[in-house]
Amino acid sequence: MLAKILIAVFLIATFMGPGPGIYLVNPSSEADSPVTILGIPILYAWVAFWFFVQAVAVLIASKKLWEPHDEPEA
């Protein structure tokens, strides 16, 4: 079940980061100054947030789902 949730989260993050999700936060071209979050342009913050979501999904998968494989000794 966790694997399916992580796959869904990863796919949503992949879709929303560079895809149509940008149109949700893209300021209009008529704005006098770009919208920022903590001094970062909102488009960069949007993409960085979804990258962080992907990184957390991979980290959870690596700790909870993937089994370590021992290298055979030569």
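Please refer to the structure higher up on the page.
On a predicted model such as this, the values are computed, not experimentally measured, just so you know.

Caption draft 1: Representation of the overall build of the chain within the structure. The helix and strand inventory of the chain stands at three helices and two strands. Starting at the N terminus and ending at the C terminus, the chain contains elements arranged as α-α-β-β-α. Per-residue burial for the chain yields a buried fraction of 18% across its 74 residues. Intrachain contacts of the chain at a sequence separation of at least 6 include 62% that bridge at least 24 residues. As displayed, the chain offers around 6200 Å² of accessible surface, 69% of which is attributable to carbon and sulfur atoms.

Caption draft 2: Spatial organisation of the nonpolar core. Membership of the largest hydrophobic core is limited to seven residues, which are A13, M16, V25, I42, W46, W50 and V53. Where this core is concerned, the elements lending two or more residues are α1 (2-16) and α3 (42-64). Looking at which element gives the most residues to this core, the answer is α3, with four residues. When near neighbours in sequence (up to four residues on either side) are disregarded, W46 contacts M16, G17, G21, I22, L24 and V25.

Caption draft 3: Representation of α1 in the model. In this model, α1 (15 residues) spans 21 Å end to end at C-alpha, consistent with the 21 Å of a helix rising 1.5 Å per residue. On its buried face, α1 is in contact with α2 (22-25) and α3.

Caption draft 4: How the structure looks around the environment of V53. Structurally, V53 is set in helix α3. Residue classification places V53 among the buried residues on the basis of a relative accessible area of 17%. C-alpha of V53 to C-alpha of I12: the two residues are 41 residues apart in sequence and 9.6 Å apart in space. In contact with V53, other than residues within four places in its own chain, are V9 and A13.

Caption draft 5: Examining the packing of aromatic side chains more closely. The full count for this structure, using the stated rule, is two aromatic pairs. Centre to centre, the rings of F49 and W50 are 5.0 Å apart; their planes meet at 70 degrees, and the pair counts as edge-to-face. The class of F49 is partly exposed, set by a relative accessible area of 44%.

Caption draft 6: Molecular detail of a nonpolar patch on the surface. A grouping of M1, L2, I5, V9, F10, F52, V56, V58, I60, L65 and W66 is seen on the molecular surface, where their side chains present a nonpolar patch of about 1000 Å² in accessible area. Turning to its location among the elements, L2 is positioned in helix α1. On the basis of relative accessibility, which here comes to 34%, the residue L2 falls in the partly exposed class.

Rules and cut-offs
Residues numbered from 1 in each chain as written. Predicted model: local features only at pLDDT ≥ 70, side-chain atom pairs only at ≥ 80, totals over all residues. Heavy atoms only, no water. Helix = DSSP H or I, 4+ residues; strand = E, 2+ residues; numbered from the N terminus. Buried < 20%, exposed > 50% of the residue type's maximum accessible area, 1.4 Å probe, protein only. Contact = heavy atoms within 4.5 Å. Areas by Shrake-Rupley, 256 points an atom, 1.4 Å probe, with all protein chains shown as cover. Core = buried A, V, L, I, M, F, W, Y, C linked by side-chain atoms within 4.5 Å. Expected span 1.5 Å × (residues − 1). Phe/Tyr/Trp six-rings, centres within 6.5 Å; stacked < 30°, edge-to-face > 60°. Patch = residues over 30% accessible without salt bridge, like charges linked within 9 Å, V, L, I, M, F, W, Y side chains within 5 Å. Salt bridge = Lys/Arg side-chain N within 4 Å of Asp/Glu carboxyl O.

Remember that the coordinates give geometry; whether it matters functionally is a separate question.
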